[in-house]
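Here is what each chain is made of, one letter per residue.
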Amino acid sequence: MRYLRMLADRDLALDRTMIPLGSCTMKLNAVTEMESITWPEFSSLHPFAPVDQSLGSRKLIDQLSQWLISITGYDAVSLQPNAGSQGEFSGLLAIRSYHDSRNDSHRRVCLIPSSAHGTNAASAVMAGMRVVVVATDDRGNVSLDDLRAKIAEHSSELAALMITYPSTHGVFETAIGDICAAVHDAGGQVYVDGANLNALVGLAQPGKFGADVSHLNLHKTFCIPHGGGGPGVGPVICRSHLAPFLPNHPMDPTAGPVTGPGPVSAAPFGSASILPISWAYIRLMGGSGLTHATQVAILSANYIARKLGEYYPVLYSGATGLVAHECILDLREITRETGVTVDDVAKRLMDYGFHAPTMSFPVAGTLMVEPTESEDIVELDRFIAAMIAIYREIQAVGDGTYTSENSPLRNAPHTSEKMTSMAWEHPYTREVAAFPQGLALGEIIGRRGKYWPTVGRIDGAYGDRHLICACPPLEEYL
Ligand SMILES: *Cc1c(COP(=O)(O)O)cnc(C)c1O
């Protein structure tokens, strides 16, 4: 118990602060949504329990499936995939099987915009397709010229286009209808990556604006917590012509169509034990509540984009100057001028009590912020104030007050150990390090109590690229 408590104390988690990770949709859950997964009726059910012993779970699966179909405008769904990436794989398998069923087995080319999430290309390769990359234009949208050229070049072999809507650049691409039509005209299928569904629920339906199949991320849009990894649920959802090719399972004939390609995960209904979270979220919100959540998510992202845009330029926006449910703050000019990097800002945010936004995805040298509807105006303003205070610190590097190497930014995060050590060789005070100026302490930090980062900066990329063996001597195992 004490060990778990120690880990929880160290964690800069959603129960302490917003986690504005763009493309991740980190929502703050109500206990009501979570509670039922602790009940043994859900949590201890064996995945292969006979139908007559799992009626309640199956009813919940059916209802949730119907709700997802109503929300997206599609016709059929499988809850079997355990992640968005597995949903992508399943959706592409469905497209592949569909082409095969029409004697179109030579259709194996998958067009993917260069801005896509890395899983898209990986899934296409796993599904036996050949990836052809489509360029984006300088506004961050799919280049229609390049798309038309690539379609023309590969029309006889075109299997699919995989596109994210709204895009990974956080923008509603106005050409989405034309893009879908161009792919269909060439005999291809349209896969809309549904990870950004939090910007669509109640407002637009991928199954109606031209897509053939999508995956959803129940661990993003529908509230299953996913900090630190799984388990997740990535339903694959499609129009009726692809329904015969959704996953099935040899151990459970109710898990999918007999004509399906087989299972994509071990259990017939995947991570079924956590479905009550999404069920409860949808049931509690209701249709109008879900629509309102989408509107607030979009409003909040635009609020942040407007408030921070004069400090950190917003990289992409739509024709109307608005973003969707997230925005990309461009730090590249700041880095060129001052040497302060996205890493520095991300780590410094911890001193201010915030988890970092998404770094360098989908554009290197930028931060992507997605507040979600979970955050109220007080928390949004707290984040904005921290980002503006950090901007002033960057200015202090720019005007020579500090070097970038020995600034509160580069030395962040400041641990309590560092703060209380006798040695202090920095051109700024301990107070600036731990209780930064420019913030009304009582309001902004004091209100919740200061979060003390427990580890200083490590070279994360080094660790990613080098296998490091701790290699304790054999005696340690005695
Ligand atoms: C999160 C995400 C995925 C992959 O989902 P996982 O559950 O992490 O596998 C795919 N595409 C986009 C745009 C995403 O944001």
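Residues numbered from 1 in each chain as written. Predicted model: local features only at pLDDT ≥ 70, side-chain atom pairs only at ≥ 80, totals over all residues. Heavy atoms only, no water.

A.B. asks: Lay out helix α7 (residues 144–154) with the relevant residues and their values.
C.D. replies: Residues of α7 that are buried: Asp146, Leu147, Lys150, Ile151 and His154. Buried residues along α7 cover an arc of 135° about the axis, so they all sit on one side. Opposite the packed face of α7, turned more than 90 degrees from it, sit the exposed residues Asp145, Ala152 and Glu153. Tucked into the core, α7 has its buried residues touching β2 (109–113), β3 (130–134), β4 (158–164) and α8 (176–185). (Buried < 20%, exposed > 50% of the residue type's maximum accessible area, 1.4 Å probe, protein only. Helix = DSSP H or I, 4+ residues; strand = E, 2+ residues; numbered from the N terminus. Arc of directions from axis to C-beta. Contact = heavy atoms within 4.5 Å.)

A.B. asks: I'd like to hear about unusual backbone geometry, residue by residue, with values.
C.D. replies: Of note, the bond from Tyr165 into Pro166 is cis; its omega dihedral lies within 30 degrees of zero at -10°. If you trace the backbone, Pro166 turns up in the loop between β4 and α8. A cis amide bond, omega 0°, links Ala412 with the succeeding residue Pro413. Despite not being glycine, Cys223 shows a phi value in the positive range, around 75°. Of note, the phi angle at Cys471 is positive, near 45°, even though the residue is not glycine. Take Cys471: it is sitting in the segment after α16 (460–465).

A.B. asks: Now, about empty space enclosed by the protein: what can you tell me, with residues and values included?
C.D. replies: Tallying each qualifying case throughout the model produces two cavities of 30 Å³ or more. Considered as a void within the structure, the largest cavity measures approximately 50 Å³ in volume. Lining the largest cavity, in full, are Pro113, Ser115, Ala116, Val142, Ile163, Thr164, Ser167, Thr168 and Glu173. Taken together, the residues of the lining of the largest cavity sort by class into four nonpolar, four polar and one charged. Taken as a whole, the second largest cavity encloses approximately 40 Å³ of empty space. If you go around the second largest cavity, the residues you meet are Lys27, Asn198, Val201, Thr221, Phe222, Tyr281, Leu290, Ala293 and Thr294. Looking at side-chain class alone, the lining of the second largest cavity contains five nonpolar, three polar and one charged residues. (1 Å grid on protein atoms, 1.4 Å probe; cavity = no way out; pocket = protein on both sides within 12 Å on 5 of 7 lines; lining within 4 Å. Points joined across faces, edges and corners; volume = space filled by probe spheres on them. Nonpolar A, V, L, I, M, F, W, Y, C, P; charged D, E, K, R; others polar.)

A.B. asks: Account for the domain arrangement of the protein chain, with residues named and values stated.
C.D. replies: What the domain assignment reports for the protein chain is domain 1 (2–21 + 326–459) and domain 2 (31–282). Centre-to-centre separation of domain 1 and domain 2, based on C-alpha positions: 35 Å. Listed by partner, the interface residues are seven residues for domain 1 and 10 residues for domain 2. Together domain 1 and domain 2 conceal approximately 600 Å² of surface at their shared face, both sides included; 48% is due to carbon and sulfur atoms. When residues of domain 1 are sorted by the area they lose upon contact with domain 2, Glu326, Phe361 and Glu373 head the list and together hold 62% of the total. Where domain 1 meets domain 2, there are zero salt bridges. Applying the counting rule to domain 1 against domain 2 returns two residue pairs in polar contact (both at pLDDT 80 or more). (Domains from an automatic or database assignment. Buried area = accessible area lost by both parts, 1.4 Å probe. Salt bridge = Lys/Arg side-chain N within 4 Å of Asp/Glu carboxyl O. Polar contact = N/O pair within 3.5 Å; in protein donor to acceptor, adjacent residues only side chain to side chain.)

A.B. asks: Which residues make up the nonpolar core, and what are the values?
C.D. replies: Among the nonpolar cores identified, the biggest contains 50 residues, and Leu68, Leu111 and Phe222 are the most heavily contacted of them. Mapped by element, the contributors of at least two residues to this core are α4 (55–72), β2, β3, α7, β4, α8, β5 (189–193) and α9 (275–309). In this structure, Leu111 is in contact with Val132, Val134, Leu147, Lys150, Ile151, Leu158, Ala160, Leu161 and Met162, ignoring residues within four places of it in sequence. Ranked by size, the runner-up nonpolar core spans 40 residues in total, among them Leu329, Ala386, Ala389 and Ala434. (Core = buried A, V, L, I, M, F, W, Y, C linked by side-chain atoms within 4.5 Å.)

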